[in-house]
Amino acid sequence: HTMEIREIFQLRKDGKIEEAYAAIRPAYAQHKGHYTTICMFWVASDILHKRLDAGQQKEAAGIFNALCRLYPTMDDGDGKGRQAILRAALALSEKMKIFSMLDFLQTWDVEQLGEDDWKGATANGHPVPSLGQRIVSRVFHEVNEKPTVENALKEMPLLKVALQHGRYQLATQRLLALNYRIMDERAKAADVYRQLLQHHHQSYLYSELAALTDNRQEIIHLLCQALFTQRDEKFSITTRLRLALILEQSAPRHARYEADKCIATCQAAGYKIPVALSQLVTRLQKVTPVSEQEERAFYQGCGNEE
């Protein structure tokens, strides 16, 4: 029987995972021994990712639930199985609307994330975030979509562990700031972003800080920085619209430039024009926009209005 399992492992190694899956299922149904269980786990893991890539979400989710049931019965001395489950959960939460990493973590003890899970790596000279950091990022996005106190309490255990393993990691700091924001401590949240911006000049960090401050001049300054550091025009629409609305009264020509740019991007990408944007364009229809050079100079002067 072990020989059979060895052959199935060989099939997996040769990339014949459908054949391996077809062979291991009846074997595992018959006998849940040490090697059969390990083989079933790894072949099913492969199939799960294959089904996800093919868009067969329902089947992938079913396989994931089966893996979670199987895992406690498997010998996982090196913790590789645990990492595989977390990777699968990440993949499901990134590709499926209905799968929540936050909810999954309620069934999973985050204390089990080991040192290795928090160690990043490099691939082709680029830093690759650790498994722990990827989970933190995912949870940040889910909580950011529904910033409720209940969700903040759900992610607290993860945040605690993440802070112990790399306090100044970007994803961890963003989650910490989001937590402050939900708990109505906006000043503390803003401080976290100001610290981050000393080392990271990502466009989204400028926009996220702009949402946390009430100082008009600082907001303009931050939105200009966000536009200046954004490489992909599609991601600039919201920022441009925010800037245009703030500048509408005091610098209408700059506002008109931003509004026109938003419309052009929406049309090129086939997006629906936001209502606030069409209303703004109507209000500014008699205004001549500044030139692109003038607007670039405005960003570099960081939005200091004349």
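Preceding this paragraph is the structure being described.
Predicted, not measured: the structure shown is a model, and the values here were computed from it.

1. Remarks on the pattern of salt bridges
One pass over the full model with this rule turns up 19 salt bridges. In this structure, the salt-bridge partner of Lys 50 is Glu 18, at a minimum N-O distance of 3.1 Å. On the criterion of sequence distance, the pair formed by Lys 50 in helix α3 (residues 34-53) and Glu 18 in helix α2 (residues 17-30) is long-range, its members being 32 residues apart. Its relative accessible area of 37% is what places Lys 50 among the partly exposed residues.

2. Some words on unusual backbone geometry
Phi at Asn 124 is positive, roughly 50°, even though this residue is not glycine. One non-glycine residue, Asp 184, adopts positive backbone phi at about 65°. Summarising the element assignment, Asp 184 is placed in the loop between α9 (170-182) and α10 (186-196). Taking relative accessible area as the criterion, Asp 184 reaches 66% and is therefore assigned exposed.

3. Topic: helix α5 (residues 80-95)
The end-to-end C-alpha distance of α5 is 23 Å, a good match for the 22 Å that 16 residues give at a rise of 1.5 Å each. Burial analysis of α5 places 12 of its 16 residues in the buried class, the great majority of the element. Considered for burial, the residues of α5 that qualify are Gly 81, Arg 82, Gln 83, Ala 84, Ile 85, Leu 86, Ala 88, Ala 89, Leu 90, Ala 91, Leu 92 and Ser 93. Of the surrounding secondary structure, the elements contacted by the buried residues of α5 are α3, α4 (57-70), α6 (101-105) and α7 (131-145).

4. Description of the side chain of Ser 45
Along the chain, the position of Ser 45 falls in helix α3. Discounting residues that sit within four places of it in the chain, Ser 45 has contacts with Leu 67 and Ala 84.

5. Side note on the packing of α7 against helix α8 (residues 149-166)
Packing of α7 against α8 brings their axes to within 11 Å, and their N-to-C directions diverge by 150°. Regarding the angle of α7 to α8, the classification is roughly antiparallel. In this structure, α7 crosses over α8, and the sense of that crossing is left-handed. In contact with Gln 133, Ile 135, Val 136, Val 139 and Val 143 of α7, α8 contributes Asn 151, Glu 155, Leu 158, Ala 162 and Gly 166. Residues belonging to the contact of α7 with α8 are distributed by class as follows: six nonpolar, three polar and one charged.

So, how was this worked out
Residues numbered from 1 in each chain as written. Predicted model: local features only at pLDDT ≥ 70, side-chain atom pairs only at ≥ 80, totals over all residues. Heavy atoms only, no water. Salt bridge = Lys/Arg side-chain N within 4 Å of Asp/Glu carboxyl O. Helix = DSSP H or I, 4+ residues; strand = E, 2+ residues; numbered from the N terminus. Buried < 20%, exposed > 50% of the residue type's maximum accessible area, 1.4 Å probe, protein only. Expected span 1.5 Å × (residues − 1). Contact = heavy atoms within 4.5 Å. Axes fitted to C-alpha atoms, helices over the stretch in contact; angles between N-to-C directions. Parallel < 35°, antiparallel > 145°, perpendicular 65-115°, else oblique. Left-handed = near helix turned anticlockwise from the far one by under 90°. Nonpolar A, V, L, I, M, F, W, Y, C, P; charged D, E, K, R; others polar.

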